[in-house]
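Inside the fold
In case you want the letters, here they are:
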Amino acid sequence: MGLVDEFENRLEKLVEGFFSRAFKSKIQPAEIARRLLRAQEGGKTISVERTYVPNIYSIQLSQEDLERFSGLADKLEREFADLLRANARDRVWGFPGRIDIRFEASEQVKSGRFEVSSEHRSDEASPDQDRPKASLRTTDSSATWELKPQNVIGREDGCEVLIDDGEVSRKHASVESKDDGWWISDLGSTNHTFVNGTVTKERRLQTGDILKVGNTELVFEEGS
C-alpha cells in the first residue's frame, strides 16, 4: 500500500460520513495528496550535504469549494503535513523549516479544480529552535548524535544517525521534532524498533528512553 492509499484510509476512518459528503465534487483528497507529493519532489534542491524540499505549500481553491469542506480543512492540513514528512523520511530529504500547508481561496481557480504551489522558507524563529536540543547516544557512550528536526536512523549512507549494525535496516526508524515534542516512528524495519523493551510503531519520546534498533541500544536525551 502506498503513502497516498494509507493517507486516504486513515482520513476516511477519522471523518467517515463527513468525508463522503464533503468530497462529492471532482476534488478528492487523494488527488490533492498526489499533487503535493509531486510539488515536493519537483521543488527539491541539493546542497553539499543534503537534499532539501519545500516546506511551504498553498492549495488554491475556488471560494465555493473552500467553503464546501471548511470544517475539515484543519484536519486535512495536518494529514497532508504528516504525509509529506513521511515521504521525506523515506527519501532522506530535509526541510529548510517547519512545514506549513494552507488552503486558500483564489478567484483564478474554477470550481471543481485546484492548484498547488510550494516554496522553501527558512524559519527565523521556529518552534524547533525554541525547544531544547536533543540527542541520541549509544548506551556505552561510544557515539553521540545531536538531533536535527528530522532524523533517519539506519545503516544507509545519508542517514542522520548512521548505525553500523547488520541487524539494522537501511532506513530503520525516524526521530523528528513535532509541535508537542520528539517522536520516533518505525520505517517498516525488518527487526522492529523498540522503546524501553516494547515494540513501537510510533511514540513520543522522553528523556532517558532506551531505543533499540537491531543490536544497538540508544539513549534519548532532551535538553542536552
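Residues numbered from 1 in each chain as written. Predicted model: local features only at pLDDT ≥ 70, side-chain atom pairs only at ≥ 80, totals over all residues. Heavy atoms only, no water.

**A few points about helix 2 (residues 29-42)**
With 14 residues, helix 2 should reach 20 Å at 1.5 Å per residue; the first-to-last C-alpha distance of 20 Å fits that figure. Considered for burial, the residues of helix 2 that qualify are P29, A30, I32, A33, L36, L37, A39 and Q40. (Helix = DSSP H or I, 4+ residues; strand = E, 2+ residues; numbered from the N terminus. Expected span 1.5 Å × (residues − 1). Buried < 20%, exposed > 50% of the residue type's maximum accessible area, 1.4 Å probe, protein only.)

**Regarding the confidence of the model for the protein**
Scored by pLDDT, the protein has a mean of 84; 83% of the residues are at 70 or more. Overall, residues 14-18 carries pLDDT values under 50, and its contacts beyond four positions in sequence, including any with other chains, amount to 8 contacts. Contacts for the low-pLDDT stretch residues 125-130, under 50 throughout, to residues beyond four places or in other chains number 5 contacts. (pLDDT = per-residue confidence, 0-100. Contact = heavy atoms within 4.5 Å.)

**What about the side chain of R85?**
Here R85 lies in helix 4 (residues 73-91). Beyond its immediate chain neighbours, meaning those up to four positions away, R85 contacts F95, I99 and E176.

**Description of the nonpolar core**
Counting 27 residues, the largest nonpolar core has I32, L36, I59, L61, F80, I101 and F103 as its most contacted members. The dominant element in this core, judged by the number of residues it contributes, is helix 4, at 7 residues. For I101, the residues in contact, after removing those within four places along its chain, are Y57, I59, E77, F80, A81 and L84. In terms of nonpolar packing, the next biggest core, distinct from the first, is built from 18 residues, V195, L205, L211 and V213 among them. (Core = buried A, V, L, I, M, F, W, Y, C linked by side-chain atoms within 4.5 Å.)

**Describing the pattern of salt bridges**
Tallying each qualifying case throughout the model produces 10 salt bridges. We note a salt bridge from R34 to E31, for which the minimum N-O separation is 3.9 Å. With R34 and E31 both in helix 2 and 3 residues apart, the pair spans about one turn of that helix. With relative accessibility at 30%, the residue E31 sits in the partly exposed group. With its nearest N and O atoms 3.9 Å apart, the salt bridge here joins R91 to E41. Residue R91 is located in helix 4, and its partner E41 is located in helix 2; the two are separated by 50 residues in the primary sequence. Owing to a relative accessible area of 39%, R91 belongs among the partly exposed residues under this scheme. One connected set of salt bridges, linked through shared partners, spans E31, R34 and R38. (Salt bridge = Lys/Arg side-chain N within 4 Å of Asp/Glu carboxyl O.)

**Here we look at the pairing of strand 16 (residues 216-222)**
For a regular strand, side chains alternate in direction, first toward one face of the sheet and then toward the other. Two elements, strand 6 (residues 134-138) and strand 16, share 5 bridges in a ladder whose sense is antiparallel. Within strand 16, the residue paired with A134 across the bridge is E222. Relative to strand 16, strand 15 (residues 210-213) is paired through 4 bridges, and the arrangement is antiparallel. Paired with V213 across the two strands is T216, which belongs to strand 16. Once strand 15 ends, the chain turns through 2 residues before running back antiparallel as strand 16, passing G214 with a positive phi of about 60 degrees. (Pairing = 2+ DSSP bridges.)

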